[in-house]
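# Structural characterization, general
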Amino acid sequence: MTTIQSIDVPGARLRYEVRGAGPLLLVMGAPMDAAAFAPLAEALADDHTVVTHDPRGISGSTLTDPEQDSTPELRADDVAALLDALGAENADVFGSSGGAVTGLALVARHPGRVRTLVAHEPPLFELLPDAAVRHAETDDLVATFHREGQGAAWIKFMANAGFVTGDDDGVPATPPSEPTPQAIANGARFFEYELRGTTRHLPDIAALTAGPARVVVGIGADSRALITYRTSMALAERIGTTPVEFPGDHGGFVGRPKQFAEVLRRVLAGN
């Protein structure tokens, strides 16, 4: 059974979903919404209370100011408020991509609220030796979005990320499917107000290593060609830990949710 609720936070109203019973586990992305994590949440709900949410400005989470940037810091404060609404002192957290960056900011800004953070492939370009090049690519993506539209921006985004999806150059000529109006709105917000802040986030390494939270870096078994594999390895090196391999690539929890859940369970149990 899934219950859908909402809470007010500064500048936004957050929609969230609760499933299952057991230790509290927050599962999050950015810009991916709760619906994207539903299969994984269902696979974990037998032995966890799993909470997913739509990040501010995405899907069912609305903003007072639609032009407000979505930063990891703001999203981390939202998650802390969500814990308060749940009456929870702390929780385990799984975050993927931008949600992993949110989780890293949560550990730094709200010590004691996270027991274990599994940060799955955070796109932390600031940790790379070619950070300036990656930031320039991001700026070009935003410019492409304004100049040529979202379809062209997504094609370039996938190519920059390292995905090989079609023809000889690895870049599809058209988006793979017709997006829904909500997906278009979410994508526009991502390019305009979220992408730069997420990829430019510099994690507080001291807070991640000296605080009470256990921080685990996750990488996809099939992600070696992706930029997020590089950023994940860089983060693991900075915090002095060995990455944990998960099934699939950057979105392995979508294609193989049951297998992904089994690995996540073992990591949360400390195995």
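Residues numbered from 1 in each chain as written. Predicted model: local features only at pLDDT ≥ 70, side-chain atom pairs only at ≥ 80, totals over all residues. Heavy atoms only, no water.

### A few points about the packing of aromatic side chains
Given two aromatic rings, one states the distance between the centres and the angle between the planes to describe the pair. Inspection of every chain in the model, using the stated rule, returns 13 aromatic pairs. Ring geometry for Phe 94 and Phe 260: centres 5.5 Å apart, planes at 80°, overall edge-to-face. Taken as a pair, Phe 94 in strand 6 (residues 91-96) and Phe 260 in helix 10 (residues 257-268) lie far apart in primary sequence, 166 residues in all. Each member of the pair, Phe 94 as well as Phe 260, is classed as buried. When the ring of Phe 145 is compared with that of Phe 191, the centres are 5.6 Å apart and the planes differ by 20°; the resulting orientation is stacked. Pair noted here: Phe 145 is in helix 4 (residues 131-148) and Phe 191 is in helix 6 (residues 181-199), with a separation of 46 residues, a long-range link. Residues Phe 145 and Phe 191 agree in their burial class; the two are buried. Pairwise contacts between aromatic rings join Phe 37, Phe 94, Phe 246, Phe 253 and Phe 260 into one cluster. (Phe/Tyr/Trp six-rings, centres within 6.5 Å; stacked < 30°, edge-to-face > 60°. Helix = DSSP H or I, 4+ residues; strand = E, 2+ residues; numbered from the N terminus. Buried < 20%, exposed > 50% of the residue type's maximum accessible area, 1.4 Å probe, protein only.)

### Concerning the pairing of strand 1 (residues 2-9)
Here eight bridges tie strand 1 to strand 2 (residues 12-20), and the two strands are oriented antiparallel to one another. Bridging across to strand 2, Thr 2 finds its partner in Arg 19. Following strand 1, the chain reverses through two residues before pairing antiparallel with strand 2; Gly 11 in that reversal takes a positive phi of roughly 85°. (Pairing = 2+ DSSP bridges.)

### Topic: the packing of helix 5 (residues 150-161) against helix 6
Helix-helix packing: each pair is described by the crossing angle between the helix axes and the interaxial distance. Contact geometry for helix 5 and helix 6: axes closest at 11 Å, N-to-C directions at 65°. Considering only the axes of helix 5 and helix 6, their crossing is left-handed. Side by side, helix 5 and helix 6 meet where Gln 150, Ala 153, Trp 154 and Phe 157 of the first sit next to Ala 183, Ile 184, Gly 187, Ala 188, Phe 190, Phe 191 and Leu 195 of the second. Residues that form the contact of helix 5 with helix 6 fall into these classes: nine nonpolar, two polar and no charged. (Axes fitted to C-alpha atoms, helices over the stretch in contact; angles between N-to-C directions. Left-handed = near helix turned anticlockwise from the far one by under 90°. Contact = heavy atoms within 4.5 Å. Nonpolar A, V, L, I, M, F, W, Y, C, P; charged D, E, K, R; others polar.)

### Points about the nonpolar core
With 42 residues, the main nonpolar core has Leu 26, Leu 104, Leu 117 and Leu 235 as its most contacted residues. Among the elements that take part in this core, helix 3 (residues 98-109) stands out by supplying six residues, more than any other. When residues no more than four places from it in sequence are discounted, the contact partners of Leu 26 are Val 51, Val 79, Leu 83, Leu 86, Ala 91, Asp 92, Val 93 and Phe 94. In terms of nonpolar packing, the next biggest core, distinct from the first, is built from 19 residues, Val 27, Phe 37, Ala 41 and Leu 268 among them. (Core = buried A, V, L, I, M, F, W, Y, C linked by side-chain atoms within 4.5 Å.)

### Examining the side chain of Arg 189
Its location among the elements puts Arg 189 in helix 6. Buried Arg 189, no salt bridge; nearest opposite-charge side chain is Glu 194, N-O distance 5.4 Å. Excluding its chain neighbours within four sequence positions, the residues that come into contact with Arg 189 are Arg 56, Gly 57, Ile 58, Leu 63, Pro 66, Gln 68, Asp 69, Ser 70 and Glu 194. (Lys, Arg positive; Asp, Glu negative; His and termini not counted. Salt bridge = Lys/Arg side-chain N within 4 Å of Asp/Glu carboxyl O.)

### So, helix 4
Helix length check: helix 4 (18 residues) gives 25 Å between terminal C-alpha atoms against 26 Å at 1.5 Å per residue, within 8%. Those residues of helix 4 that sit buried are Ala 131, Arg 134, His 135, Thr 138, Leu 141, Val 142, Thr 144 and Phe 145. The inward-facing, buried residues of helix 4 abut helix 5, helix 6 and helix 8 (227-239). Just downstream of helix 4 lies Gly 149, where phi reads positive at about 100°. (Expected span 1.5 Å × (residues − 1).)

### Regarding unusual backbone geometry
Note: most peptide bonds trans; most residues except glycine with negative phi. With an omega of 10°, the peptide bond running from Ala 30 to Pro 31 counts as cis. With respect to the element layout, Pro 31 can be found in the loop between strand 3 (24-28) and helix 1 (38-44). Even without a glycine there, the phi angle at Ser 97 is positive, about 55°. Structurally, Ser 97 can be placed in the loop between strand 6 and helix 3. Overall, the relative accessible area of 18% leaves Ser 97 in the buried class. In this model, Glu 121 sits at a positive phi of 50°, which is unusual for a non-glycine residue. Among the secondary structure elements, Glu 121 is positioned in the loop between strand 7 (114-120) and helix 4. Judged by relative accessible area, which is 0%, Glu 121 ranks as buried.

### Considering helix 6
Every α-helix winds through 3.6 residues per turn, so residues three or four apart in the chain are directed the same way. Counted at 1.5 Å a residue, the expected span for helix 6 with its 19 residues is 27 Å, and the 25 Å between its end C-alpha atoms agrees. The principal kink in helix 6, of about 50°, is found at Tyr 193. Residues of helix 6 that are buried: Asn 186, Gly 187, Arg 189, Phe 190, Phe 191, Glu 194, Leu 195, Thr 198 and Thr 199. Looking at the buried residues of helix 6, the elements they touch are strand 5 (62-63), helix 2 (72-86), helix 3, helix 4 and helix 5. (Bend = angle between axes of the 7 residues up to and from the residue.)

On their own, these measurements won't tell you what the molecule is for.
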